[in-house]
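Structure assessment
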Amino acid sequence: MNTTWLDRIENFISNMFSNIKLVEKGLLGLEGSYVELMTVLALGLLAVIPILTGQKNRQFWRHVNQIFGIGIFIFVVFTCLGVFGMIRNFYRGLSEIGRENIIALYYCSVPVTILVTSMLFGPAFCGWICPTGALQEFISVLTRKHTLAHKNSGYRFSKKLFVTAVFVAAVFILWMYRLSVTRLFFIEDASIYWSEVLIILLFVLVFRMRQWDFKLRRLRVLSFAIITAGAVMSMRITSPVHFGFAKVYDPASFLSTVIVALSALVIPMVWCKYLCPWRCAIAWAAKHSVRKIKFDQSKCVRCAKCNDACLLDAVDYGKINRNECHLCFKCVDICPANCFYIEDNWMPDEN
Amino acid sequence: MKTKFFSAILLNLILCSCSIAGDWYTGRGCAEGKAVLEYNGDKKLDEWHYIYKNNRRYKPGLAVWASPALAVVGGHPMAFIGGYDQTLHALDLAEKNVVWRKITNGEISSAPAVAKIEGTDIVFWGSADRTVYAHSAFSGRKLWTKELIEPSSTLGQIFISSPYIHNAKLYISCFAYDKSLSRNEQKGYLFCLDTKTGRILLRLQVSTGILTDPIGFSLDGKSYVAVCARRGLLQCFDVTSETPRKVWQYQMPHETLGSPVVTTQTDPPMIYLGSKYGNFVAINAYTGQQVWQEMAGNWIDNSAAIGEIGGKKVAFVGSHDYCVYAYDAQTGGLIWKKPIGGEVFSAPTFFKIGGVSYLCVASLDNHLYVLDAQTGTIFNSYFTGNPIWDKLPKGEYLWGSPATVLSGADTCIVYGSFNDMVYSIPVMKACSLTAMARSVKSLWVSLGAVLFIFCAVVMPIFLKIPLKQTAN
């Protein structure tokens with residue numbers, strides 16, 4: 001048997017995850033209750049940290065929180081299998097209420113924790129915990145100089161971004177070819193189709209980002225509808241980026257993880273902006289949260305630092321688009337005139 | 001007419017009496033782990049989906065079905081399959097009905113054994129209620145039951161393996177965890193029972209952990225039983241005389257879940273066993289020395305199967321790296337490695353139809369795969385449903401494996417799926433479960449379809465709908 005260099009890379013990566021077995025074994029001592037218990041506790045704690053963290057070194061602690069988030073998703077909630085799994089499991093958990101309440105709790109614990117904390121404290125899950133968001137954020141640092149220049153130029157056509165998009169597409173096609181001749185694919189291997197759509201979006205956005213950006217962000221609703229319909233129809237739909245959370249090597253999801261990461265080099269947070277179905281639910285839940293970022297227009301010096309800091313283009317000279325905001329507080333922390341402040345309506349004003 | 005009728009019945013009885021021998025080798029029916037029943041009767045076998053919904057007593061999270069044991073009883077090809085609903089089901093695969101059911105007081109996690117004892121077909125199985133059951137395979141009538149472990153209010157986990165039957169003796173392993181603070185014992189026993197009465201002939205503690213199914217073999221006129229502890233210690237006992245004698249032991253590199261299989265047609269006779277970290281080991285059955293060791297992926301859950309292709313013995317094993325491996329049983333040389341759609345958690349079943357060898361395995365992508373055993377090419381795949389719960393700790397339980405009723409064009413695979421159904425799937429005929437396994441061409445066609453739908457339908461619609469003002 002000849003092993004190619006791609007086989008060796010795959011083996012290396014799958015071996016990296018083999019240690020997860022040891023962690024799982026330790027957790028099994030809790031006789032299965034660890035998933036509900038630790039998830040609720042861990043995600044709850046992580047969601048509270050944005051509230052407890054002061055302005056000093058906030059971004060540092062946010063990144064620490066994100067790293068913990070990645071760890072928790074890999075080692076504790078690996079059965080959730082990422083954003084698609086969270087929707088599917090939530091539906092399944094809801095349908096078990098009254099029949100198998102423990103199972104219902106198990107399936108609902110992660111999505112309910114995320115939705116409840118979003119309802120209370122805003123969409124901090126996206127900005128502080130979500131491993132997919134963290135992965136893209138860390139990756140996009142590498143090309144931030146170029147993507148920022150692209151943004152400041154009003155999203156004009158950029159040859160560099162175009163070449164990177166071509167590179168991502170080439171990786172996808174070649175990898176797809178290799179997988180297609182070595183493995184069976186089923187309709188459930190949906191992550192490859194989402195990756196394909198992501199690549200098409202990259203090309204569209206390289207040319208027409210200024211005009212079509214926000215219109216295309218509504219694709220998240222379609223994404224949510226498709227996944228929910230799939231869950232209702234009991235279809236097994238594999239999720240992009242669940243590779244990192246599953247204990248075992250899944251080639252289709254591995255490919256889609258790579259594509260999401262590479263795409264983030266061209267457009268920061270591209271998965272969150274255009275395709276993340278879970279983002280829909282979180283934005284809805286966070287609509288009336290008690291914590292909000294507010295902006296004092298009178299102090300603004302129009303330096304546009306908040307615009308530059310926001311990877312999601314959710315801030316426009318202090319105006320915050322709540323559908324897009326991940327509550328990362330970058331705009332708050334970077335503002336030289338302290339125009340932003342956090343409004344907390346947890347305790348109603350006695351006056 | 002009458003003569004014809006009685007002749008047919010007589011012929012059937014003769015054929016069927018040949019189908020159950022006195023020996024039964026662990027959960028896979030034969031020492032080589034092929035899990036095949038040859039059925040030469042005239043009854044047709046068709047697709048059948050069996051589900052039993054009444055009064056289920058599930059402990060959530062368990063694996064739903066154990067592996068089936070297949071036997072021809074009274075001229076009918078039957079599957080005996082235990083479940084985590086604590087019930088043993090006797091299914092007539094030809095008539096597609098349940099002949100009998102027997103509820104126990106514990107989960108049945110291992111395959112039963114069927115043997116002819118003094119002219120009666122008897123099905124034996126162990127249940128987590130500490131008991132071994134012996135019932136008439138034909139009627140379900142109870143012949144005897146035997147408690148292996150004394151009851152105690154502090155007893156925790158009990159695990160009873162598949163039986164191995166040889167010379168009217170039943171060998172079975174049993175693990176009992178007594179959680180009493182003072183005793184706090186974990187003991188793995190090898191039991192030997194009289195198949196006629198259930199009397200315990202031997203109780204030997206061989207480990208302090210869970211044990212695999214015992215496997216038996218005969219060499220130079222002597223009978224041996226080998227059993228492996230979950231922690232990887234494989235021990236072989238000479239059971240020729242009344243008092244067993246440990247002949248050798250071999251420590252596997254890592255933990256094991258699956259049971260050993262053995263073939264005496266290699267030189268030397270060899271035992272094959274996989275570990276939870278992917279080591280696939282061939283061990284000399286005479287001496288317990290390792291003959292060869294290969295890495296088959298990163299996690300072997302279940303037993304191997306030994307088949308013969310072109311006069312050469314081939315060892316097949318599935319791994320959690322999505323691959324099925326075929327090794328030269330003699331030398332350990334890799335013959336082929338085939339990735340399928342998910343982790344391979346089952347033991348393979350090996351069978352031949354019309355001179356072509358096939359292999360069937362179950363995978364965690366909820367499909368059964370039938371492969372050409374010579375090349376590894378996928379012959380067909382079947383969708384066997386989503387698990388009724390996801391919370392199955394991988395590597396802690398042995399899940400059900402498929403078995404085959406070999407009957408020419410009627411050949412069926414019997415499999416208890418984790419979606420709560422037992423399937424009888426015809427291999428050579430149309431089947432409603434046949435999966436949409438994509439060819440390379442159809443994969444590219446579907447990618448093209450997504451490209452077209454997204455660019456020509458979805459995007460224009462989304463770009464046409466005006467934006468709602470959402471910024472504040």
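Positions within a chain are numbered from 1, following the residues in the order the chain's sequence is written. Each chain takes a letter, starting from A, and each ligand takes a number, starting from 1, following the order in which they are written. Where totals are concerned, whole chains, interfaces and linings use all residues; where local detail is concerned, this predicted model gives features only for residues with pLDDT of at least 70, and gives and counts side-chain atom pairs only at 80 or more.

1. Here we look at the overall build of chain A
- Secondary structure elements are defined from DSSP: runs of H or I of at least 4 residues count as helices, runs of E of at least 2 residues count as strands, and each element is numbered from the N terminus. Counting its secondary structure elements, chain A contains 17 helices and 4 strands.
- Labels follow a simple rule on C-beta atoms placed from the backbone: if 20 or more others lie within 10 Å of a residue's own, it is buried; if 12 or fewer, it is exposed; otherwise it is partly exposed. A buried classification covers 48% of the 351 residues belonging to chain A.

2. Some points on the overall build of chain B
- In terms of helices and strands, chain B carries 2 helices and 34 strands.
- Put simply, chain B has 472 residues, and 50% of those count as buried.

3. Regarding the sheet that holds strand E8 (residues 120-127) of chain B
Residue and element names in this part refer to chain B.
- In short, DSSP must find at least two bridges between two strands for them to pair. Here we have 4 strands laid out as an open sheet, ordered E7-E8-E9-E10, and antiparallel in their pairing. Of all strands in the sheet, those with a lone pairing partner are strand E7 (113-117) and strand E10 (142-147), marking the two edges. Adjacent strand axes in the sheet meet at a mean angle of 20° when their direction is disregarded.
- Inspection of the sheet shows E7 paired to E8 by 5 bridges, in the antiparallel sense. Looking across to E8, one finds that Val114 is bridged to Val123. Axis definition: a line fit to C-alpha positions, over the contact stretch in the case of helices; interaxial angles, taken between N-to-C directions, run 0 to 180 degrees.

4. Notes on helix H13 (residues 251-266) of chain A
- Helix length check: H13 of chain A (16 residues) gives 23 Å between terminal C-alpha atoms against 22 Å at 1.5 Å per residue, within 8%.
- Among the 16 residues that make up H13 of chain A, 14 are buried, leaving the element largely enclosed by the rest of the structure. By definition here, a helix of n residues has an expected span of 1.5 Å times n minus one.

5. Some details on the packing of helix H8 (residues 131-140) of chain A against H13 of chain A
Residue and element names in this part refer to chain A.
- Two numbers describe how H8 lies on H13: the axes approach to 8 Å, and their chain directions differ by 45°. Looking at the two axes, H8 sits oblique to H13. Between H8 and H13 the crossing geometry is right-handed. Residues Leu135, Gln136, Ile139 and Ser140 of H8 lie in contact with H13, whose contacting residues are Val260, Ala261, Ala264 and Leu265.
- Here the term charged refers only to Asp, Glu, Lys and Arg, the term nonpolar to Ala, Val, Leu, Ile, Met, Phe, Trp, Tyr, Cys and Pro, and the term polar to all other amino acids, Gly among them. A per-class count over the contact of H8 with H13 returns 6 nonpolar, 2 polar and no charged. Comment on the angle field: the value is read as roughly parallel under 35 degrees, roughly antiparallel over 145, roughly perpendicular from 65 to 115, and oblique elsewhere. For any helix crossing, the convention is left-handed if the near helix is rotated counterclockwise from the far helix by under a right angle, and right-handed if that rotation is clockwise. We call two residues in contact whenever the C-beta atoms placed from their backbones are within 7 Å.

6. Let's talk about the packing of helix H12 (residues 219-232) of chain A against helix H15 (residues 277-285) of chain A
Residues and elements named next belong to chain A.
- Following both chains from N to C, one finds H12 and H15 inclined at 105°, their axes separated by 7 Å at the closest point. One element, H12, and the other, H15, form an angle in the roughly perpendicular class. The residues of H15 that touch H12, namely those facing Arg220, Val221, Ser223, Phe224 and Ile227, are Pro277, Arg279, Cys280 and Ala281.
- Of the residues contributing to the contact of H12 with H15, the split by class is 6 nonpolar, 1 polar and 2 charged.

7. Some points on the pairing of strand E23 (residues 290-295) of chain B
Residues and elements named next belong to chain B.
- Where strand E22 (residues 279-284) lies against E23, 5 bridges are found, and the strand directions are antiparallel. The residue bridging Phe280 from the neighbouring strand is Glu294, located in E23.
- Taking the residues between adjacent antiparallel strands as the criterion, E22 and E23 are bridged by 5 residues, where Gly288 takes a positive phi near 80°.

8. Regarding the sheet that holds E22 of chain B
Residues and elements named next belong to chain B.
- Pairing in this open sheet of 4 strands is antiparallel, and the strands run E20-E21-E22-E23 from one edge to the other. Looking at strand neighbours, the two that pair on one side only are strand E20 (261-263) and E23, the edges of this open sheet. Neighbour-to-neighbour, the strand axes of the sheet open up by a mean angle of 20°, direction not taken into account.
- Pairing analysis gives 3 bridges linking E20 to strand E21 (residues 270-274), with the strands arranged antiparallel. Looking across to E21, one finds that Val262 is bridged to Ile271.

9. With respect to unusual backbone geometry
- In this model, Asp267 of chain B is joined to Pro268 of chain B through a cis peptide bond whose omega is 0°.
- For Leu327 of chain A, which is not glycine, the phi dihedral falls at a positive 55°.
- C-beta crowding within 10 Å serves as the criterion here: with 27 such atoms nearby, Leu327 of chain A is assigned to the buried category.
- In this structure, Gln86 of chain B is a non-glycine residue whose phi angle is positive, near 75°.
- Note on placement: Gln86 of chain B falls in the loop between strand E4 (76-83) and strand E5 (87-92).

10. Notes on the environment of Cys306 of chain A
Residues and elements named next belong to chain A.
- Within the secondary structure layout, Cys306 lies in helix H16 (residues 305-309).
- Residue Cys306 is classed as buried on the basis of its C-beta count, with 25 C-beta atoms lying within 10 Å.
- In this structure the C-alpha to C-alpha distance between Cys306 and Lys319, which are 13 residues apart in sequence, comes to 9.7 Å.
- With near-sequence residues (within four places) excluded, Cys306 lies in contact with Val315, Gly318, Cys331, Ile334 and Cys335.

11. Some details on helix H11 (residues 191-216) of chain A
- For H11 of chain A, built from 26 residues, the straight-helix expectation of 38 Å at 1.5 Å per residue is missed by more than 12%, its first-to-last C-alpha distance being only 19 Å.
- At Met209 of chain A, H11 of chain A shows its largest kink, close to 120°. A residue's bend is the angle separating two fitted axes: one through the seven residues that end there, the other through the seven that start there.

12. Observations regarding the nonpolar core
- For the purposes of this analysis, a nonpolar core is taken to be any set of buried Ala, Val, Leu, Ile, Met, Phe, Trp, Tyr and Cys residues that are connected through C-beta atoms within 7 Å. If you look at the biggest cluster of nonpolar residues, it comprises 137 residues, and the most contacted ones within it are Leu93, Phe124, Phe316 and Val414 of chain B.
- Of the residues forming this core, the biggest block, 7 residues, is contributed by strand E3 (residues 65-73) of chain B.
- Look past the residues within four positions of Val414 of chain B in its chain and what remains in contact with it is Pro68, Leu70, Ala79, Leu93, Pro402, Ala403, Val405, Val422 and Ser424 of chain B.
- Counting residues in hydrophobic clusters, the runner-up holds 92 residues, among them Leu43, Ile129, Cys276 and Ala286 of chain A.

13. A closer look at the pairing of strand E25 (residues 312-318) of chain B
All names here are of chain B.
- In terms of residue burial, E25 counts as a mostly covered element, since 5 of its 7 residues are buried.
- Pairing between strand E24 (residues 305-309) and E25: 5 bridges, direction antiparallel. Pairing of Ala305 across the sheet is with Phe316, part of E25.
- Here E24 folds back onto E25 in antiparallel fashion, the turn holding 2 residues, of which Gly310 has a positive phi close to 60°.
- Sheet topology places E25 next to strand E26 (residues 323-328); 5 bridges connect them, and they run antiparallel. For Ala315, the partnering residue across the bridge sits in E26 and is Tyr327.
- Hairpin connection, E25 to E26: the antiparallel pair is bridged by 4 residues, and Tyr322 has positive phi, about 75°.

14. Topic: the environment of Leu204 of chain B
- Structurally, Leu204 of chain B is set in strand E15 (residues 200-207).
- Not counting residues up to four positions away in its chain, the partners in contact with Leu204 of chain B are Tyr189, Leu190 and Pro244 of chain B.

15. Digging into the confidence of the model for chain B
All names here are of chain B.
- The quantity known as pLDDT measures the predictor's confidence residue by residue, on a range of 0 to 100. Model confidence for chain B is summarised by a mean pLDDT of 87, while 89% of its residues fall at 70 or above.
- Residue range residues 9-21 is modelled with pLDDT below 50. Its contacts to residues more than four positions away, or to other chains, number 18 contacts.
- Two numbers describe this predicted complex: its pTM, 0.65, and its ipTM, 0.85.

16. Remarks on the confidence of the model for chain A
- Of all residues in chain A, 80% attain a pLDDT of 70 or more, and the chain-wide mean is 81.
- Confidence scores differ between elements of chain A, with helix H2 (residues 20-28) of chain A showing the lowest mean pLDDT of 52 and helix H14 (residues 270-274) of chain A the highest of 93.

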